[in-house]
Amino acid sequence: MTDNHDRGLQFDLATLIGRRRALTLLGGAGLTLVACAPSTTTATSTTTGSTTTTADGTPLDTIPAETAGPYPGDGSNGPNALTQSGIVRSDIRSSFGSSSRTAEGVRLTIDLTVQNDDGKPFAGAAIYLWHCDINGDYSMYSDRVKNENFLRGVQEADASGKLTFVSVFPGAYAGRWPHIHFEVYPSLAEATRAGNKITTSQLALPETTCKEVYGTAGYTQSVQNMSRTSLKQDMVFRDGVDHQMATMSGDVQSGYTASLTFAVQG
């Protein structure tokens, strides 16, 4: 791996240690942060009409807030894809603007459904999504793809809170479980001006699917990297993935679909 990923690992770790130390202190003071901490119990969800609820009839817990890491491309640490013409798109496999290079890898469709914390669809919310390529590199940052902006895009939720991205399955790099980053904004206008976001989180990919994909051409390095970590060791997911683990369908030949329904504070 490149030195970029080593620096990214240290950056993520420092950020998470700070966040979790803060949660510990607040917990001791008797406060509850529903938007930052995942539930310690596993709840079975059901869908009735347009509201997704847990088995006891209450709305889903809000998705945990996580670090954006060192490669967000949202203007917070340099490069800003959000204000570039072309960022609003469903198919994020190719770069836009001055480059048209397409990222390699097994096709992955990402279906997201975003809700308010009352369990109702968050119509009009915007999601900015990004992840690494088959080699574990992030466009706009890593040396090999610094001049690319593929595997980044923004979509607006429809009346049901649903939106879809078409991408490729991300590789696994040293120190991290395979994952996808995303930020939730209250509107498309707010997202495309890199305005105030509601939350930042990450989607985890199931082990079985990762192993199937990493057995195909181009993912050899991911096999080695994934063998050295686990969900329990991962700095982001080791405190639980109840609200962040994607549900998968599909296969290597036709491509996979990763689905996740989650809530944010509205």
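The coordinates are above.
A brief look at the structure comes next. (Residues numbered from 1 in each chain as written. Predicted model: local features only at pLDDT ≥ 70, side-chain atom pairs only at ≥ 80, totals over all residues. Heavy atoms only, no water.)

Where strand 9 (residues 247-251) meets strand 10 (residues 255-264), five bridges bridge the pair, whose relative direction is antiparallel. Across the sheet, Met248 pairs through a bridge with Ala258, a residue of strand 10. Between strand 9 and strand 10, which pair antiparallel and follow one another directly, the connecting turn spans three residues. (Pairing = 2+ DSSP bridges. Helix = DSSP H or I, 4+ residues; strand = E, 2+ residues; numbered from the N terminus.)

In this section: the nonpolar core. In terms of nonpolar packing, the biggest core is built from 39 residues, with Leu112, Ile127, Leu129, Phe169 and Phe262 touching the most fellow members. Counting only elements with at least two residues in this core, the list comes to strand 3 (107-116), strand 4 (126-130), strand 6 (162-168), strand 7 (179-185), strand 8 (199-204), helix 3 (207-213) and strand 10. Top contributing element to this core by residue count: strand 10, with five residues. Aside from chain neighbours lying at most four places away, what touches Leu112 is Ile127, Leu129, Gly161, Lys162, Leu163, Leu203, Leu260 and Phe262. In terms of nonpolar packing, the next biggest core, distinct from the first, is built from 17 residues, Ala126, Trp130, Tyr141 and Ala191 among them. (Core = buried A, V, L, I, M, F, W, Y, C linked by side-chain atoms within 4.5 Å. Buried < 20%, exposed > 50% of the residue type's maximum accessible area, 1.4 Å probe, protein only. Contact = heavy atoms within 4.5 Å.)

The next point concerns the sheet that holds strand 10. Ordered by their spatial adjacency, four strands build an open sheet running 6-3-10-9, and the pairing between neighbours is mixed. Here the strands that pair on one side only, and so sit at the sheet edges, are strand 6 and strand 9. In this sheet, neighbouring strand axes are inclined to one another by 20° on average, regardless of whether the strands run parallel or antiparallel. Pairing between strand 3 and strand 6: seven bridges, direction antiparallel. Pairing of Asp111 across the sheet is with Thr164, part of strand 6. (Axes fitted to C-alpha atoms, helices over the stretch in contact; angles between N-to-C directions.)

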